[in-house]
Amino acid sequence: MAVKLQPSSAPAPDTSQPAAGAIPPDPMIGDLVRHMEAKCGAGAALTLDDDEVLCHVTGWIGTRSVAVDGAIGKPGIPLGRITEIMGGEGCGKSSLLDHVLGECQRVGGVSALADTEEARDLAYSQRIGVVVPKLIVLPARTIEEVFTKVEEFVTGAKMIFERQRVAWEVACKEAKKKKAPAPPEPQTRPIVIGWDSVGGTPTAAEMKDGAGDAHMATAAKVIKQNLRRLVQFIAEERIGLVAVNQVYSKLGGYGGEVAYGGGGFPYHATLRLQLAHRGLVWWTKKDQEEHRSPVGQICSVKTIKNKMAPPMRYRKFVIVYGVGVDNTWNFFEDFRDSGLIETKGGWSKFSETLAEAAGGVLPDNSFQGWPELREMCADRKVYEALERVYRAQEASRT
């Protein structure tokens, strides 16, 4: 039997009170802020608007992986803050860092890399999208040297930005005198500094005296001391530090894993991504049955710390060997699970719902699995339409 809804008997809202969401001003708060500014200078105390945060995120750089961006819950890694990418061997840490460096260059920014492992495949980085001739390399042998060069790099970037600003102001004054149009205001370019890797970098004491128990926890002390400084250096700038780190098994038989370097990065990083190797992929099931070489690997990402969105989100993605992250695998797997790709036997087809959401650019023909969808996405319009739908679906989950 259908239930007939009755009008609510709840009392009418009191319109004399402030509207929902409206916060009445507090005179005492205003007086305290003005007192602090009078005694300690402008900006000594302040109140925040609804859209302001204290973690000083000055911008975002995408990871070029729809799954990783979905796990972060934001458009990418934050600028003005520190990001740690951690995990075991062969789980895609360096590949993900290369994607971030390449994306920063693509949007007009500057990428720098402190590669202390000296084991990078530049040809692979270039295929991922890194413009190697425009990549600034910061050679370093010790942790202390990495921090010294990073701080000097940030200081130099600030000086260059300030000189550009002063030159623009002078040009504006000259244009005003001549009654000419003012030149365009210079934009602060984003900068991403990568460190690969924290766990592969010794301390100065280890390089001088050799490894041993005499240097236990030296790296942790050095990292903590320098990160406290570095957080303040980059907080107000469009500069992000992305550090690759290793995880190791805990000693003592209690199990679990711990990242190298003590509590420095766990405490100071705004975003911590933990990657793991989850399996291998082949183009076809027949290739797997015939024990042919896999074409890539499945990786997982978990945001074990996130100050900009809910943490502990978990996603999977695929890295194709020699190519990099392949988003079409996520398109196929997620759309199939949600019913947007209809599968019958070995054949798949886009649903009407997905075709409408994609704007009618998807082909009507059936295809066989992820490899053929990957070929269809060679058409840029098809790829961009699927990416747009995927990101909208991710946004609805938040």
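Since this is a predicted model, take the numbers as computed values, not measurements.

Colleague: Help me out: how do you make sense of the pairing of strand β11 (residues 314-320) in this one?
Modeller: Residues in a regular strand point their side chains to alternate faces of the sheet. Most of β11 sits out of view: five of its seven residues are buried. Taken together, the seven bridges between strand β10 (residues 296-306) and β11 define a ladder with antiparallel strand orientation. Paired with S300 across the bridge in β11 is K316. Bridge count between β11 and strand β12 (residues 324-325): two bridges; the pairing is antiparallel. Residue pairing across strands places V320 opposite G324, the latter belonging to β12. Hairpin geometry of β11 and β12 is characterised by an intervening segment of three residues between the two adjacent antiparallel strands and by a positive phi of about 80 degrees at G322.

Colleague: Quick question: what am I supposed to make of the environment of G108 here?
Modeller: With respect to the helices, strands and loops of the structure, G108 is situated in the loop between α3 (93-106) and β4 (110-115). It is 9.3 Å that separates the C-alpha atoms of G108 and I191, two residues lying 83 residues apart in sequence.

Colleague: Just to check I follow, could you spell out the pattern of salt bridges for this structure?
Modeller: Any two side chains of opposite charge can pair if their charged atoms end up close together. Counting across every chain of the model gives 17 salt bridges. Measuring nitrogen to oxygen at the nearest pair gives 3.0 Å for the salt bridge that ties R64 to E103. Of this pair, R64 sits in the loop between β1 (59-61) and α2 (66-72) while E103 sits in helix α3; the two residues are 39 residues apart in sequence, bridging distant segments of the chain. R64 gets classed as partly exposed once you look at its relative accessible area, which sits at 23%. For E103, a relative accessible area of 11% gives the class buried. The salt bridge involving E387 is made with R391; its shortest N-O contact spans 3.1 Å. Note that E387 and R391 are positioned in helix α13 (residues 380-397) at a spacing of four residues, about one turn of the helix. Accessibility expressed as a relative area gives 19% for E387, which makes it buried. Residue R391 is classed as partly exposed on the basis of its relative accessible area of 32%. What you see here is one network of salt bridges that share partners, running through R64, E103 and R106.

Conventions adopted
Residues numbered from 1 in each chain as written. Predicted model: local features only at pLDDT ≥ 70, side-chain atom pairs only at ≥ 80, totals over all residues. Heavy atoms only, no water. Buried < 20%, exposed > 50% of the residue type's maximum accessible area, 1.4 Å probe, protein only. Helix = DSSP H or I, 4+ residues; strand = E, 2+ residues; numbered from the N terminus. Pairing = 2+ DSSP bridges. Salt bridge = Lys/Arg side-chain N within 4 Å of Asp/Glu carboxyl O.

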